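Here is what each chain is made of, one letter per residue.
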Amino acid sequence: SVVTPVEARAERLQTATITDASGFATPMPAATIEIPASWRAQGDVVWNHATNCVNNKMRFEWRARSRDDLQGFEIMPGYSWQLAGTQIQMNPCPAQPFRSTRQFLEAVVQQRRAGAQVLQYRDRPDQAAAQTPLAGKQANPQIHQRVEGGQILIAYNSGGVEFREVLGTVVNFTEFRGNVMGGASTVYAYRAPNGQLDFAEGERMAGSFKFD
């Protein structure tokens, strides 16, 4: 029999399940993602009960790696915050200065990839559009919403190997009576040695991520 290109592509992939082992009475699937069949995955959903900001309690800490550990894809925790200067005391989410997706991603790089060099930032209006509510669908006309998608390209050395990595997310900014909130559900990252970063492969994995 003849294997079609679609079938051949499917044979090279596996569907990985990201599990929430502690949020319910029994372990539950939290999300799925398609990764190369030869890669191995680890991690799950971690609950942070130390915060009173509800949106910051559930944290994705999951990664997949190639057999040689040189290529990888990671789902990092999302984050919700109040824009500093607009915060209100009754809101338990932290105050931060991030006014844009770029500022938020730069902070993620500082925290998760200390010492990395930022090479480029790219707006992703296509990813933002996929999460933007249709006009007229907002429940409260007093709530003003802005959705921004973005990616940041960084460089760093690890174990003597020079890497390139793309981190991306979509941030939903909402304003209600002067209080501005920012929130990203997750941050994804795709890395490979310099010269081997396949942007299309990273896009494919990011696009296959589905909440369950």
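Residues numbered from 1 in each chain as written. Predicted model: local features only at pLDDT ≥ 70, side-chain atom pairs only at ≥ 80, totals over all residues. Heavy atoms only, no water.

(A) Highlighting the overall build of the protein chain. The secondary structure content of the protein chain amounts to four helices and eleven strands. Here the protein chain has a C-alpha radius of gyration of 19 Å; the compact-globule value for 212 residues is 17 Å, and the two agree. Taking all 212 residues of the protein chain together, the buried fraction comes to 41%. Of all intrachain contacts in the protein chain linking residues separated by at least 6 positions in sequence, the fraction that spans at least 24 positions is 58%. Carbon and sulfur atoms form 50% of the exposed surface of the protein chain, whose accessible area is close to 11,900 Å². Of the charged side chains in the protein chain, 21 are positive and 20 negative; the average position of the first set lies 4 Å away from that of the second. (Helix = DSSP H or I, 4+ residues; strand = E, 2+ residues; numbered from the N terminus. Rg over C-alpha atoms; globule rule 2.2 N^0.38 Å. Buried < 20%, exposed > 50% of the residue type's maximum accessible area, 1.4 Å probe, protein only. Contact = heavy atoms within 4.5 Å. Areas by Shrake-Rupley, 256 points an atom, 1.4 Å probe, with all protein chains shown as cover. Lys, Arg positive; Asp, Glu negative; His and termini not counted. Charge placed at Lys NZ, Arg CZ, Asp CG, Glu CD.)

(B) Focus on the state of the cysteines. Tallied over the entire structure, the rule returns one disulfide. The disulfide partner of Cys53 is Cys93, and the gap between their sulfur atoms is 2.0 Å. Taking the sign of the S-S torsion, 75 degrees for the link of Cys53 and Cys93, the bridge is right-handed. In this pair, Cys53 sits in the loop between β3 (40-47) and β4 (58-65) while Cys93 sits in the loop between β5 (72-83) and β6 (95-96), placing the two residues 40 residues apart along the sequence. Using a relative accessible area of 0% as the deciding quantity, one classes Cys53 as buried. (Disulfide = S-S within 2.5 Å.)

(C) Structural detail: the pattern of salt bridges. Applying the stated criterion across every chain yields a total of 15 salt bridges. The salt bridge involving Arg40 is made with Asp69; its shortest N-O contact spans 2.6 Å. Taken together, the residues span a long stretch of sequence, with Arg40 in strand β3 and Asp69 in the loop between β4 and β5 at a distance of 29 residues. When the shortest N-O distance is used, the salt bridge between Arg63 and Glu74 registers 3.6 Å. You can see Arg63 sitting in strand β4 and its partner Glu74 sitting in strand β5, a full eleven residues away along the chain. Its relative accessible area of 23% is what places Arg63 among the partly exposed residues. (Salt bridge = Lys/Arg side-chain N within 4 Å of Asp/Glu carboxyl O.)

(D) Expanded view of the environment of Arg113. Within the secondary structure, Arg113 sits in the loop between α2 (101-112) and β7 (117-123). Exposure remark for Arg113: the relative accessible area of 15% places this residue in the buried category. Arg113 sits 28 residues away from Gly85 along the chain, and the two C-alpha atoms are 28 Å apart. Each residue touching Arg113, except ones within four places of it in the same chain, is listed here: Glu74, Met76, Val108, Ile154, Tyr156, Glu165 and Ala189. At 2.8 Å, the side chain of Arg113 and the side chain of Glu165 are in polar contact. (Polar contact = N/O pair within 3.5 Å; in protein donor to acceptor, adjacent residues only side chain to side chain.)

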